[in-house]
Amino acid sequence: PVPVVSSAATKSICSGVSVNYVPTAAVAGTVFNWTSSVTVGTVTGNTAVGGLGTIADVLVNTTNVIGTVRYVITPVANGCSGTPFNVDVTVDPQPTLSTVVTPLSQVLCSNTAMVIDVNSATVPSAGSVVYDYVAVASDVSVTGFTASAINQSLATNISNLNVLNSSLIRQTITYTITPKVLGGLACAGPSVVVVISIDPVPVVSSAATKSICSGV
């Protein structure tokens, strides 16, 4: 009998992940020869000249939109070649973030506000890009900020109205912001680090009154 590929015709993966596609056919002893080409977008890591059996290419998509690699699999059994079978592998990009900080200097005085506007140009095949963050202060004297949050919409900024530094020297808050896709393939992306500096507000500590003699 002529072998026919019976495994799925499509697969979706995150960028940087192995295709790990195992072709199957009902005819015992079928051997699978394959070649590949990029049909949509910009994807690297595919073995264009082809291979044999399981497809284990690690595909990388460095753009902000999906890419597709087509694998053409030819089944062969007992010297008989079956009809070539197309498998389209969709490669979702890793989500990336950009940030705009207010104030732009990323330096503020104690008891003032700060905002980190978090954005992403990544368009996943399904779901939406969100972010988690963790904020760590350089000293316990820094208060008035939220230490962490998860699954934040891109429409939600990181903001604190009254960041306080009760020490006598400059302190910092380090934000580690990590993007991911909520829903779909749940692809995760690289973290972005933002450091906010908070300067203490000077307070006059000398005496509030003084008395002197006339002419002194």
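Above this note sits the structure.
Below or above, wherever it landed, is the structure these notes cover. Counting restarts for each chain, with residues numbered from 1 along the sequence as it is written. Local features in a predicted model are, by the rule used here, given only for residues with pLDDT of at least 70; side-chain atom pairs are given and counted only at 80 or more, and totals for whole chains, interfaces and linings are based on all residues. Side-chain metrics rest on all non-hydrogen atoms present in the structure, leaving aside hydrogens and water.

What follows concerns the overall build of the protein. Looking only at helices and strands, one finds zero helices and 17 strands in the protein. A compact globule built from 216 residues should have a C-alpha radius of gyration of about 17 Å, whereas the protein, at 29 Å, is more than 25% larger. Principal-axis analysis of the C-alpha atoms places the extent of the protein at approximately 120 × 25 × 25 Å. Counting only residues that meet the buried cut, the protein has 34% of its 216 residues in that class. Counting contacts in the protein only where the partners sit at least 6 residues apart, residues at least 24 apart contribute 63% of the total. In the protein, the 5 positive side-chain charges and the 7 negative ones have mean positions that sit 6 Å from each other. By the criteria applied, helices consist of DSSP H or I runs no shorter than four residues and strands consist of E runs no shorter than two, each listed in order from the N terminus. Throughout, the radius of gyration refers to the C-alpha atoms, and the reference size of a globule is 2.2 Å times the residue count to the power 0.38. Think of it in three bands: residues with accessible area under 20% of the maximum for their type are buried, residues over 50% are exposed, and the middle band is partly exposed, with areas taken using a 1.4 Å probe on protein chains only. In what follows, a contact means two residues having at least one pair of non-hydrogen atoms within 4.5 Å. Working convention for charge: Lys and Arg count positive, Asp and Glu count negative, and His plus the chain ends are omitted. In this description, the location of a charge corresponds to atom NZ of lysine, CZ of arginine, CG of aspartate or CD of glutamate.

A few words on the side chain of Q152. For Q152, the position within the fold is in strand β14 (residues 148-153). Contacts described as polar in this section are N or O atom pairs within 3.5 Å, which, within protein, must combine one atom able to donate a hydrogen with one able to accept it, while residues neighboring in sequence count only if both atoms come from side chains. Of note is the side chain of Q152, whose polar atom sits 3.0 Å from the backbone oxygen of I150. Not counting residues up to four positions away in its chain, the partners in contact with Q152 are V130, Y131 and Y133.

To continue, consider the state of the cysteines. In what follows, a disulfide is any cysteine sulfur pair within 2.5 Å. Taken as a whole and judged by the stated rule, the model has one disulfide. Here C14 is linked by a disulfide to C187, with a sulfur-sulfur distance of 2.0 Å. Between C14 and C187 the sulfur-sulfur dihedral comes to about -95 degrees; the bridge is accordingly left-handed. With a gap of 173 residues between them, C14 in strand β1 (residues 10-14) and C187 in the loop between β16 (171-182) and β17 (192-199) connect regions that are remote in the sequence. Residue class for C14 comes out buried when judged on its relative accessible area of 16%.

One open sheet holds the four strands; their spatial order is β9-β11-β15-β13, and the pairing between them is antiparallel. Both edges of this open sheet fall to β9 (98-102) and β13 (142-143), since each of them pairs with a single strand only. Bridging between β9 and strand β11 (residues 112-119) involves five bridges; their strand directions are antiparallel. Within β11, the residue paired with V100 across the bridge is D117. We call two strands paired when DSSP finds no fewer than two bridges between them.

Before going further, it helps to examine the pattern of salt bridges. For salt bridges, the criterion is a side-chain nitrogen of Lys or Arg within 4 Å of an Asp or Glu carboxyl oxygen. Counted by the stated rule, this structure contains three salt bridges. One salt bridge in this structure joins K180 and D132, with 3.1 Å as the shortest N-O distance. Placement of the pair is K180 in strand β16 and D132 in strand β12 (residues 128-137), with a sequence separation of 48 residues.

Stacked, edge-to-face and tilted labels apply to pairs of Phe, Tyr and Trp rings (six-membered ring for Trp) whose centres lie within 6.5 Å, assigned for plane angles under 30 degrees, over 60, and everything in between, in that order. According to the stated counting rule, one finds three aromatic pairs in the structure shown. Ring centres of W34 and Y71 lie 5.5 Å apart, and the angle between their planes is 75 degrees; on these two criteria the pair is classed as edge-to-face. With W34 in strand β3 (residues 31-40) and Y71 in strand β6 (residues 67-77), this residue pair connects regions lying 37 residues apart in the sequence.

This paragraph deals with the sheet that holds β14. With mixed pairing, the five strands of this open sheet are ordered in space as β10-β17-β16-β12-β14. Each edge of the sheet is formed by a strand with only one pairing partner; in this case those strands are β10 (107-109) and β14. Averaged over neighbouring strand pairs, the angle between their axes works out to 25 degrees when direction is ignored. In this structure, β12 lies alongside β14, joined through four bridges in antiparallel fashion. Counted as the bridge partner of V130 is S153 from β14. In this description, a line fitted to the C-alpha atoms serves as the axis of each element, helices being fitted only across the stretch in contact, and the angle between N-to-C directions of two axes falls anywhere from 0 to 180 degrees.

Relative to the assigned elements, S18 resides in strand β2 (residues 17-18). For S18, a relative accessible area of 26% corresponds to the partly exposed category. Setting aside chain neighbours within four positions, we find S18 in contact with I13, A56, D57 and V58. One polar contact links the side chain of S18 to the main-chain amide nitrogen of N20, over a distance of 3.2 Å.

With an omega dihedral of 5 degrees, the bond running from T102 to P103 counts as a cis peptide bond. Locating P103 in the fold gives a position in the loop between β9 and β10. Phi at N78 is positive, roughly 55 degrees, even though this residue is not glycine. Its place among the elements puts N78 in the loop between β6 and β7 (80-81). Backbone geometry at N151 places phi at a positive 55 degrees, although glycine is not the residue there. Here N151 lies in strand β14.

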